[in-house]
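# Structure at a glance
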Amino acid sequence: MTATPPYRAAVIGCGYIGSRVEELAPGNVASHAGAYKAATGTELVGVFDADAERAQAAAAHWGTTAFPSLEALLGEAKPQIVSICSPTEFHAAQAEACLKDEAVVAVLAEKPLAVSITEAKSLAALARSLAKPLAVNYSRRFDPGHQQVAREIRDGKLGRIQHVSGWYTKGIRHNGSHMLDLLSWFFGGVASAEVTAVHHWNDQSDDPGIDADIEYSSQGDETGARARIFGCDAAAHNIFELFILGEAGRMRLSEGGHRIERQLVGDDRHNPGYRALGPVEIIQTVMKDSALNAVEDLVAVLAGQRDAPASNAKNACIALELADRLASQAIDLTRPAKAVP
Ligand SMILES: NC(=O)c1ccc[n+]([C@@H]2O[C@H](COP(=O)([O-])OP(=O)(O)OC[C@H]3O[C@@H](n4cnc5c(N)ncnc54)[C@H](O)[C@@H]3O)[C@@H](O)[C@H]2O)c1
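Summarised in this report is the structure supplied together with it.

## Observations concerning the pattern of salt bridges
Taken as a whole, this structure holds 16 salt bridges when the rule is applied. Between aspartate 213 and arginine 228 there is a salt bridge, with its nearest N and O atoms 2.6 Å apart. Separated by 15 residues along the polypeptide, aspartate 213 in strand 9 (residues 209–216) and arginine 228 in strand 10 (residues 226–232) bring together distant segments of the chain. Exposure remark for aspartate 213: the relative accessible area of 23% places this residue in the partly exposed category. You can call arginine 228 partly exposed: its relative accessible area is 37%. Note that arginine 262 and glutamate 281 form a salt bridge whose closest N and O atoms lie 2.3 Å from each other. Residue arginine 262 is located in strand 13 (residues 259–267), and its partner glutamate 281 is located in strand 15 (residues 281–283); the two are separated by 19 residues in the primary sequence. Residue class for arginine 262 comes out buried when judged on its relative accessible area of 8%. For glutamate 281, a relative accessible area of 32% translates into the label partly exposed. One salt-bridge network, in which partners are shared between bridges, spans Glu241, Arg252, Arg259 and Glu261.

Structure below.
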């Protein structure tokens, strides 16, 4: 089957991110099913969910067909792009089955890519060996506003980075991995990472909120950017926020990435003779259509307009590996002290 648009697309897992975001946030193209319906380069040819009622409801809502199994979906609908939106423990096996299917030319997996870094790396290797793009929905990488931030930091618009602070909720592997991915994108490889505190908030028993100090290796020969991240309590409220303070300016990414402010250093308006952060300028984001951004990016890759998805198995493995490394340090930190004989 030749792969030309519109690509036949399917969704596995018809829960929140697979099919239902729009119910909660109308006017937002943020579910995978919604994105395949909205994108000009795709058509939604089927869905599968382990819960047959969910699959039927999604199929009725999006005007497509529900299939009773992954095998039936692949065998009968013959999708060319498949989104993996099931719970994380199923990502690896389902993504592998899709990648190995002859008709499938690309997979868009939800994050985290897999439960373990070993599984994630073997998926990345499989996708590479089959030359099939494996996109991973670290949604900010697909957003033009965040892409502008990455460019401006790399081009030195903020000058040498003095300090970065980040706040996230829902555990280091869950939303924390979004933060780790963002930091690696902006500041390069990790030179060192040290856990400073562990929080076992009630909502994330198997994925602690971890505070950590991370040093990055960007900025040439100079010391890399230093970031301090804080794992916060989602039961109180959600937060995903980043402050980036450079010698020439500051950026604040707030409201989960929907708002990005930049302040450049200039003459201090209030204290003549001093330099200070100037007025707030807004960098526009389109985070509200995050799944649509991801699907359009993948379609551009398949059309040969880009080499690889803006977020792919490579950066997803880096984020997951660091999350695992921090989680293993956190276990050491929380291990009860041995009784003194
Ligand atoms: N990129 C993001 O910002 C983002 C946001 C939310 C969720 N996620 C990720 O998406 C995934 C799903 O999260 P969610 O919030 O949509 O969960 P959810 O519980 O709302 O939906 C999961 C769906 O998968 C179905 N399911 C369960 N086992 C299955 C199986 N073996 N095969 C097929 N379907 C199965 C469930 O019935 C349910 O409908 C998780 O990996 C999560 O980390 C990512």
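## Details of the packing of aromatic side chains
By the definition in use, this model includes 5 aromatic pairs. Summarising the aromatic geometry, the rings of phenylalanine 186 and phenylalanine 187 are spaced 6.0 Å apart at their centres and angled 85° between planes, so their arrangement reads as edge-to-face. For the pair phenylalanine 186 and phenylalanine 187, one class covers both residues: buried. Connected via pairs of aromatic rings, a cluster forms that spans Trp185, Phe186, Phe187 and Tyr216. The ring of phenylalanine 240 carries the charged tip of arginine 140 above its face, separated from the ring centre by 3.8 Å.

Rules behind the numbers
Residues numbered from 1 in each chain as written. Predicted model: local features only at pLDDT ≥ 70, side-chain atom pairs only at ≥ 80, totals over all residues. Heavy atoms only, no water. Salt bridge = Lys/Arg side-chain N within 4 Å of Asp/Glu carboxyl O. Helix = DSSP H or I, 4+ residues; strand = E, 2+ residues; numbered from the N terminus. Buried < 20%, exposed > 50% of the residue type's maximum accessible area, 1.4 Å probe, protein only. Phe/Tyr/Trp six-rings, centres within 6.5 Å; stacked < 30°, edge-to-face > 60°. Lys NZ or Arg CZ within 6 Å of the ring centre and 35° of its normal.

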